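Listed below are the residues making up each chain.
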Amino acid sequence: MLTSTIQPRQFRDVMGHLPTGVVVVAGREVHSGSPAGLVVGTFQSLSLDPPLVSFSVALTSTSWPKIRPAGRFSASVLAAGQDGVCQALSGKREDKFTAVDWFDSPDGNPRISGAHAWIDGEVEHELEGGDHTIVVARVRHLEAGDGEPLVFHRGRLGQIRS
Ligand SMILES: Cc1cc2nc3c(=O)[nH]c(=O)nc-3n(C[C@H](O)[C@H](O)[C@H](O)COP(=O)(O)O)c2cc1C
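Residues numbered from 1 in each chain as written. Predicted model: local features only at pLDDT ≥ 70, side-chain atom pairs only at ≥ 80, totals over all residues. Heavy atoms only, no water.

A. How the structure looks around the sheet that holds strand 1 (residues 20-21). The strand order 1-11-12 describes an open sheet built from three strands, whose pairing is antiparallel. One side of each edge strand has no neighbouring strand; the edge strands of this open sheet are strand 1 and strand 12 (156-159). Across two bridges, the pairing between strand 1 and strand 11 (residues 150-153) is antiparallel. Paired with T20 across the two strands is F152, which belongs to strand 11. (Pairing = 2+ DSSP bridges. Helix = DSSP H or I, 4+ residues; strand = E, 2+ residues; numbered from the N terminus.)

B. Structural context of the nonpolar core. Counting residues in hydrophobic clusters, the biggest one holds 19 residues, and the most contacted among them are V23, V25, V40, F43, F55, W64 and F73. Within the residue set of this core, elements represented by two or more residues are strand 2 (23-28), strand 3 (35-40), strand 5 (52-58), helix 2 (64-67), strand 6 (72-77), strand 9 (117-129) and strand 10 (132-144). When residues no more than four places from it in sequence are discounted, the contact partners of V25 are A36, G37, L38, V40, F43, F55, W64, I67, F73 and S74. In terms of nonpolar packing, the next biggest core, distinct from the first, is built from 12 residues, V22, V24, A88 and L150 among them. (Core = buried A, V, L, I, M, F, W, Y, C linked by side-chain atoms within 4.5 Å. Buried < 20%, exposed > 50% of the residue type's maximum accessible area, 1.4 Å probe, protein only. Contact = heavy atoms within 4.5 Å.)

C. Looking closely at the environment of L48. As for its placement among the helices and strands, L48 is situated in the loop between strand 4 (44-47) and strand 5. Classification of L48 by relative accessible area gives exposed; the value is 80%.

D. Focus on the pairing of strand 2. Counting buried positions over the six residues of strand 2 gives five, a clear majority of the element. By the bridge criterion, six bridges tie strand 2 to strand 3 in an arrangement that is antiparallel. Each residue of the ladder has a partner; that of V23, found in strand 3, is V40. Hairpin remark: strand 2 followed by strand 3, antiparallel, with six residues in the connecting loop; positive phi at G33, about 75°. One ladder, built from four bridges, connects strand 2 with strand 6; its direction is antiparallel.

Right, here's the structure in full:
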């Protein structure tokens, strides 16, 4: 549904000038307990009181429907140098988590080892956002790691230069 003259390629090119963090959103399938997750660049803090975060998931995501029924997830803010983790978890493989090191969060969600920060969230609601769903979640736990963040800018992974 194109209601304007904005072409998808131009949209991606221009919006790609906005640098983002690289965050793995992960949870467990309710019945099997298997880890499931995907990479998002749309993770952000939304509200301080109550403490809320948000991110957007494409309607074509195969991992979010596996995470959603439990209503909770972890978000691992990837650290500089975790390009391989980003590649592994932004693919469509079934067994993504065999390729990365992870451990359980206080809520039992998969957290990525060596990440720059971790958040555990509980889904409050989802809002319609075009070809994405906007997930609004309450923060249950959060913890900062070390080092520098991984950054996505103009289609490339990198890090902050100081
Ligand atoms: C840097 C980066 C940022 C991304 N941001 C998002 C995002 O915010 N939302 C989204 O749905 N997909 C995003 N993706 C794409 C998903 O990670 C990718 O489509 C993944 O294959 C989805 O897997 P799934 O089908 O297992 O859910 C991003 C990918 C990369 C590399």
